[in-house]
Amino acid sequence: MTGPRLELMWPGKDKFLVVPKDDAGKPVWVERDHPAASEVRLSDFTGAVGDVPEDPHGANLLFIGDSLDVLRILCEVPEYRSHYRGKIRLVYIDPPFNTGQAFEHYDDWMEHSTWLSFMRERLLQIRDLLAPDGSVWVHLDDAEQHRMRLLLDEVFGPANFVATVIWEKADSPRNSARQFSTDQDYVLVYSRDPDWSPNRLPRTAESDSIYTNPDDDPRGPWLPGDPYANKPYSKGLYTKTGPTGRAFTPPPGRYWRISEEKLDELDADGRIWWGPTGNARPSIKRYLSEVADLVPRTIWSKGDVGSNRTSKNEMRAIFTGVSSFATPKPERFMERVLRIGSNPGDIVLDCFAGSGTTAAVAHKMNRRWVTAELSTSTVEQFTLPRLAKVVHGEDPGGITKSVEWEGGGGFRTVTVGPSMYEDTPFGVLLAEWATNGRFARAVAGQLGFEFQEDAAPLCGVRGRMRLAVIDGAVGPEEIRQIVGALGEKERVTVVAKSVLAEAEATMKEISPGSRIRKAPRDLLTSGAERMRRRTEVGTRYTHESTEGPQS
Ligand SMILES: C[S@@+](CC[C@H](N)C(=O)[O-])C[C@H]1O[C@@H](n2cnc3c(N)ncnc32)[C@H](O)[C@@H]1O
């Protein structure tokens, strides 16, 4: 059945939101055909810390740039796409909560509509990056969590809602609060697939302490289990006489959970408890040695995972004498998220890095990680030095001791470049920096071609389609030269800043199926179309392959 869907609407939902870098003005709405709505930006490897693999795209990555640009790069640029699209096991995000506050290191203030558009755009990309057995964890407070729940329903489907985790973030009441002193934050958990199953958590001394051994059972401590059940059971109505001669029958409306034969069998094996004097209702013993690890629960106390104060102290221990990052999360809190949703070797993503807690904890827990932070000063002051300390084994705090982290591994930094386009009163023009090799690389990423450094006059490949980028005008002479470099059955997409009249005719004659595109005009239309197709919600989303766009 098709018909109108239940969905949260807001002014501007059909538009695209441009977010300025480093507080350089307010976000602005633009139409969907604006270059920013589809551009895949150029990025550069700008540094490495510790040991990194030969393929730079497969390293742990700290991106400096806007989360949306980073997500698009991971989804679209072939060198990244093959590593990340459909392969990320866990995404945790702790975005600006929209609390109306200006923190020391970042502003947290947007209109509700603006915030929703901002988040929706990013969630659509996150959806494509998640592995079939992946999950997304969105950390918020009361300012937006109720709206985010509807948005997550829209993007991931209501059947993929898993849980709302309530984290006790406050240590003590805030008596200056005008109405209530708020104790908790929320983490909304959605899976990529409704059959997702979380890892269980290791048992703790506290969870084990409720097991006792009053009868010195050689099988060890146990808990008394209810012998009755509510569900009707054909062998569940009988009278049982205990060791002291007292008779037991289930209370009205209830049944024995096991048959009389089974009860006798367990009793003979010492697995039934009749109380200290043998006169009590029988209990079925549940042994500590036989119970599984713990299923995750939704209330996370400060005693178990730390509070805001814990994380502030962790920050102070890493950065002595510096005012703490405003909103770090405790390492034990992140450890629990990562234990439930990932295993060693899995890829974990956080595109609102802040002080870098997710990456730091993922690193210590032997996960692979990708993280992104918009603010250059936050990266320089907190994220980068913190992660470097983790690599060099110079961060003894947080979970370091409990997971026995001693240092090792490494990561790369990647800087997202400026836009390739300039929106001027005369239309969209190419930015001044878009020349020569950088122009070619930017076009390759934009059109989903793998970039080839030493293949002139060609510079990219996507299956049997090759790419040639000309920083100027293309005429018949250039077309002949480019087509001459093609292999058998290959076609070419030629991108040039201007196209001379006879170029098209020559191409048609000598390489039918090849094409010429004029930059920036044709790049914009094909980018907008690709992004529209990819981020459409409403048609049931099926998992895409990691193949690139074919148009
Ligand atoms: C709540 S903090 C994250 C704190 C982090 N979980 C930690 O433990 O330190 C949100 C971070 O997102 C960053 N941010 C805001 N807008 C962003 C964007 N568009 N892209 C990437 N990062 C952004 C802010 O600069 C801030 O550092």
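Our structure is the block above this text.
Calculation rules
Residues numbered from 1 in each chain as written. Predicted model: local features only at pLDDT ≥ 70, side-chain atom pairs only at ≥ 80, totals over all residues. Heavy atoms only, no water. Helix = DSSP H or I, 4+ residues; strand = E, 2+ residues; numbered from the N terminus. Buried < 20%, exposed > 50% of the residue type's maximum accessible area, 1.4 Å probe, protein only. Contact = heavy atoms within 4.5 Å. Areas by Shrake-Rupley, 256 points an atom, 1.4 Å probe, with all protein chains shown as cover. Near = heavy atom within 4 Å. Polar contact = N/O pair within 3.5 Å; in protein donor to acceptor, adjacent residues only side chain to side chain. Nonpolar A, V, L, I, M, F, W, Y, C, P; charged D, E, K, R; others polar. Core = buried A, V, L, I, M, F, W, Y, C linked by side-chain atoms within 4.5 Å.

**Overview of the overall build of the protein chain**
Piece 1. When you go through the protein chain residue by residue, the secondary structure sums to 15 helices and 28 strands.
Piece 2. Taken along its principal axes, the extent of the C-alpha atoms in the protein chain is 105 × 60 × 45 Å.
Piece 3. Taking all 551 residues of the protein chain together, the buried fraction comes to 50%.
Piece 4. Long-range pairs, those at least 24 residues apart, make up 70% of the contacts in the protein chain between residues at least 6 apart in sequence.
Piece 5. Here the protein chain displays about 26100 Å² of accessible surface, and carbon together with sulfur accounts for 51% of that area.

**Observations regarding the site of the ligand**
Piece 1. Taken together, 20 residues surround the ligand, and among them S67, D94, S355, T357 and E373 come closest.
Piece 2. Note that an oxygen atom of the ligand is positioned 2.6 Å from one of the side-chain N or O atoms of T357.
Piece 3. Contacts to the ligand include L374, whose backbone N or O atom sits 3.2 Å from a nitrogen atom.
Piece 4. Looking at side-chain class alone, the shell around the ligand contains 9 nonpolar, 7 polar and 4 charged residues.

**Structural notes on the environment of V483**
Piece 1. Looking at where V483 falls in the secondary structure, it is placed in helix 13 (residues 476–484).
Piece 2. With a relative accessible area of 15%, V483 lands in the buried category.
Piece 3. For the pair V483 and A468, spaced 15 residues apart in sequence, the C-alpha to C-alpha distance is 9.7 Å.
Piece 4. The residues contacting V483, other than those within four sequence positions of it, are M507, I510 and S511.

**Quick look at unusual backbone geometry**
Piece 1. Here A456 and P457 are connected by a cis peptide whose omega angle stands at 10 degrees.
Piece 2. Structurally, the position occupied by P457 is in the loop between strand 24 (450–451) and strand 25 (460–462).
Piece 3. The omega torsion of the bond from A519 to P520 falls at 5 degrees, within 30 degrees of zero and hence cis.
Piece 4. For P520, the position within the fold is in the loop between strand 28 (515–518) and helix 15 (521–534).
Piece 5. The phi angle at D216 is positive, at roughly 50 degrees, despite the residue not being glycine.
Piece 6. Looking at the secondary structure, you find D216 in the loop between helix 5 (205–208) and strand 11 (222–225).
Piece 7. According to the relative accessible area criterion, D216 is exposed, its value standing at 65%.
Piece 8. The residue E404 is not glycine, and still its phi comes out positive at about 55 degrees.
Piece 9. Along the polypeptide, E404 turns up in the loop between helix 11 (376–391) and strand 21 (410–416).
Piece 10. For E404, a relative accessible area of 68% translates into the label exposed.

**Focus: the nonpolar core**
Piece 1. The biggest cluster of nonpolar side chains holds 47 residues, and the ones touching the most others in it are F63, I126 and M148.
Piece 2. The biggest single contributor to this core is helix 3 (residues 112–129), with 8 residues.
Piece 3. Residues in contact with F63, not counting those within four places in the same chain, are V70, L74, Y80, V370, T371, A372, E373, V414 and V416.
Piece 4. In this structure, A359, L387, A388 and W405 belong to the second largest nonpolar core, which totals 34 residues.

**Here we look at the side chain of D522**
Piece 1. Secondary-structure assignment places D522 in helix 15.
Piece 2. By relative accessible area, D522 is classed as buried at 16%.
Piece 3. Here K518 takes part through its backbone nitrogen, which lies 2.7 Å from a polar atom of the side chain of D522.
Piece 4. Contacts of D522, omitting those with residues within four sequence positions, involve I516 and R517.

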